[in-house]
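Chain by chain, the residues run as shown.
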Amino acid sequence: MDNDEDLLAQRFEEHRRHLRGVAYRMLGSLTEAEDAVQEAWLRLSRSDHAAVDNLGGWLTTVVGRISLDMLRSRKSRPEDPTEDVGLPAVLPAATDPEQEALLADDVGLAMLVVLDTLAPAERLAFVLHDMFAVPFEDIATIVGRSPAAARQLASRGRRRVQGAQTEPDLPRQREVVDAFLAAARGGDFQALLALLDPDVVLRADAATVLAGAAPEVHGADAVAETFAGRARVAQTALVDGFVGAVWSAGGRPRVVFDFVVENGRVVEIELLGDPSTLERLELAVLN
């Protein structure tokens, strides 16, 4: 390698332990964490690294994106009992002091078990923000969402890690979302109000704003007015592990309605229409 490559490799090694920590908390597997870190090195070596002002932040973002893709790939393919996916039954023995330190730090098996119950985007937002203080603006670019949505993902993960619940209350979420869609289709303003938190916020990404949506709508009255008589062809769906809705055309999702439901009421709705964002979401229409 020439001097520039040597220097780049040295700078990367300064961040290796941190990057492995990020990937390990995301993936729960030292082997997969090492794979993610190695892939980050390959991307760095192929990039215009001279233009990177904050190498540590850049690498953390890249490892987060790689880990998120690995989690989604793991959860989307059929389970193979002979394949080592998900939380390992037995963690591999540490082969050097750095790995040993990683296993001995504050992330034990109990934490990994809880993290494994989170949806991939939720897990990434919680791990990066709460464990590594990554700003929500940076997390938002990884998950393809707004900073506010990234904050909500981290909040969901935090509540579940703290023991508020080990699994999302999907039946209750679906009851609320189904009722909301029915009230919207029927133009039932009062029914919509009953389902909305007084301080509910409706947010739209750039793609749905271009299609005519308002960037933000605040308050139950305004949000109810926005939806009354609309969402006629939206279908209830799982969106990154939580109940939301999707409007599809030509067999492809065009707009996703990401609902945040708390205490039986809708507290936030985000409209997502950017194609690259939709490709990264885990979507499953509920019959």
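We now turn to the structure provided with this report. (Residues numbered from 1 in each chain as written. Predicted model: local features only at pLDDT ≥ 70, side-chain atom pairs only at ≥ 80, totals over all residues. Heavy atoms only, no water.)

Turning to the pairing of strand 6 (residues 265-272), a few remarks are in order. The buried fraction of strand 6 is high, at seven of eight residues. Note: strand 1 (residues 196-204) against strand 6, five bridges, orientation parallel. Within the sheet, the bridge partner assigned to Leu-196 lies in strand 6 and is Val-266. Both strand 5 (residues 252-262) and strand 6 contribute to a ladder of seven bridges, which runs antiparallel. (Buried < 20%, exposed > 50% of the residue type's maximum accessible area, 1.4 Å probe, protein only. Helix = DSSP H or I, 4+ residues; strand = E, 2+ residues; numbered from the N terminus. Pairing = 2+ DSSP bridges.)

Our focus in this paragraph is the packing of aromatic side chains. Applying the stated criterion across every chain, the model contains four aromatic pairs. Ring geometry for Phe-12 versus Trp-41: centroids 5.2 Å apart, planes at 55°, classification tilted. Here the residue Phe-12 occupies a position in helix 1 (residues 3-27), and Trp-41 occupies one in helix 2 (residues 30-46), the gap between them amounting to 29 residues. The same class applies to Phe-12 and to Trp-41, which are both buried. Relative to Phe-257, the ring of Phe-227 lies with its centre 6.3 Å away and its plane at 55°, an arrangement referred to as tilted. Pair noted here: Phe-227 is in helix 12 (residues 220-227) and Phe-257 is in strand 5, with a separation of 30 residues, a long-range link. (Phe/Tyr/Trp six-rings, centres within 6.5 Å; stacked < 30°, edge-to-face > 60°.)

Tracing the sequence through the fold places Val-63 in helix 3 (residues 55-76). A residue is classified by how much of its surface remains accessible, and Val-63, at 0% relative accessible area, is buried. Those residues in contact with Val-63, other than ones at most four positions away along the chain, are Leu-19, Val-22, Ala-23, Ala-36 and Ala-40. (Contact = heavy atoms within 4.5 Å.)

Another aspect to go through is the side chain of Thr-60. Turning to its location among the elements, Thr-60 is positioned in helix 3. With relative accessibility at 6%, the residue Thr-60 sits in the buried group. Among the polar contacts listed, one links the side chain of Thr-60 to the backbone oxygen of Gly-56, at a separation of 2.9 Å. Sequence-distant contacts of Thr-60, that is, excluding residues within four places in its chain, are made with His-18, Leu-19, Val-22, Leu-128 and Val-134. (Polar contact = N/O pair within 3.5 Å; in protein donor to acceptor, adjacent residues only side chain to side chain.)

Once that is clear, we can look at the pattern of salt bridges. The full count for this structure, using the stated rule, is ten salt bridges. Here Arg-158 ties to Asp-130 by a salt bridge, and the two come within 2.6 Å at their closest N and O atoms. With Arg-158 in helix 8 (residues 147-161) and Asp-130 in helix 6 (residues 120-132), the pair connects residues that are 28 residues apart, well separated along the chain. Residue Asp-130 is classed as partly exposed on the basis of its relative accessible area, which comes to 32%. In this structure, Glu-268 and Arg-203 form a salt bridge, with 3.1 Å as the shortest nitrogen-oxygen distance. You can see Glu-268 sitting in strand 6 and its partner Arg-203 sitting in strand 1, a full 65 residues away along the chain. (Salt bridge = Lys/Arg side-chain N within 4 Å of Asp/Glu carboxyl O.)

Function cannot be inferred from these measures alone, as they are strictly geometric.
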